[in-house]
Amino acid sequence: MLEPYRSLFAFFVVAWMGGLVLGKLAVRFWMQRLGRTRAWEPLQIFAPLLDLFGTWAGTLGCVALALGRQGFSLAWAGALGILAVMITATLYDRAVLMPSLDAALRRLAATEEADAADGTEKWERDWAFLWRMAVLGRWLTLILGVVALLLGLRA
């Protein structure tokens, strides 16, 4: 890969990974300090912004890979493919998981107010499942980012 594009690629991927790490720390802090219900308000603003940042950083990383390529090596193709998967996972988090988490939390609050024990347990399980999916998706994106970085620097 040609220089300055290799440096640009590394910058965008490292910025995205740094944003994910800071985001994970912020989410953990908010959940521990505020609790799930009160932490959801800032998370509804922060998580989509982090997803938007990641989408743009990944796209710019793909552009840097495309402009700096010197042939079609396996490392280059792997880095480009992994970035595409990461962007897709980020878009899924924003378009599917965040609205689903919001709906599950609202249903949980409504069943708690109605004092329906069976409904509360079901929505609690649903919310926990969706939350695990979101956390796992962000961890996988972080791990894939490290792999994409290593492959892109090798390309």
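Residues numbered from 1 in each chain as written. Predicted model: local features only at pLDDT ≥ 70, side-chain atom pairs only at ≥ 80, totals over all residues. Heavy atoms only, no water.

A. Local environment of the overall build of the protein. Looking only at helices and strands, one finds three helices and zero strands in the protein. When its helices and strands are written in sequence order, the protein yields α-α-α. Overall, the protein is about 65 × 25 × 20 Å in size when its C-alpha atoms are taken along their principal axes. With 155 residues in all, the protein has 39% of them scored as buried. Accessible surface for the protein amounts to roughly 8,900 Å². Of this, 69% is attributable to carbon and sulfur atoms. Within the protein, the 12 negative side-chain charges are centred at a point lying 11 Å from the centre of the 15 positive side-chain charges. (Helix = DSSP H or I, 4+ residues; strand = E, 2+ residues; numbered from the N terminus. Buried < 20%, exposed > 50% of the residue type's maximum accessible area, 1.4 Å probe, protein only. Areas by Shrake-Rupley, 256 points an atom, 1.4 Å probe, with all protein chains shown as cover. Lys, Arg positive; Asp, Glu negative; His and termini not counted. Charge placed at Lys NZ, Arg CZ, Asp CG, Glu CD.)

B. Structural detail: the packing of aromatic side chains. Applying the stated criterion across every chain yields a total of four aromatic pairs. For the pair F72 and W76, a centre-to-centre distance of 5.5 Å together with 75 degrees between the ring planes defines the contact as edge-to-face. By relative accessible area, W76 is classed as buried at 10%. Measuring from centroid to centroid gives 5.1 Å for W127 and W131, while their planes differ by 10 degrees, and the two rings are stacked. In this pair, W127 and W131 both sit in helix α3 (residues 117-154), four residues apart, roughly one turn of the helix. Looking at W127, the relative accessible area reads 5%, which means it is buried. Across from the ring centre of W127, 4.7 Å away, lies the NZ or CZ of R36, which sits over that ring. (Phe/Tyr/Trp six-rings, centres within 6.5 Å; stacked < 30°, edge-to-face > 60°. Lys NZ or Arg CZ within 6 Å of the ring centre and 35° of its normal.)

C. Structural view of the pattern of salt bridges. This model, assessed by the stated rule, comprises four salt bridges. A salt bridge links D93 to R138, with the shortest nitrogen-to-oxygen separation between them at 2.7 Å. Here the residue D93 occupies a position in helix α2 (residues 74-113), and R138 occupies one in helix α3, the gap between them amounting to 45 residues. Each member of the pair D93 and R138 is classed as buried. Put simply, R106 and D102 hold a salt bridge, and the shortest N to O gap is 3.3 Å. Taken together, the residues span about one helical turn, with R106 and D102 both in helix α2 at a distance of four residues. Residue class for R106 comes out exposed when judged on its relative accessible area of 52%. Looking at D102, the relative accessible area reads 18%, which means it is buried. (Salt bridge = Lys/Arg side-chain N within 4 Å of Asp/Glu carboxyl O.)

D. Layout of the side chain of D102. Within the structure, the side chain of D102 is placed 2.9 Å from the side chain of Q44, a separation counted as a polar contact. Ignoring any residue separated from it by four or fewer positions in sequence, one finds D102 in contact with W40 and Q44. (Polar contact = N/O pair within 3.5 Å; in protein donor to acceptor, adjacent residues only side chain to side chain. Contact = heavy atoms within 4.5 Å.)

E. The arrangement of unusual backbone geometry in detail. Omega for the bond connecting E3 with P4 falls within 30 degrees of zero, at -10 degrees, which places this linkage in the cis form. Along the chain, P4 turns up in the segment before α1 (5-68).

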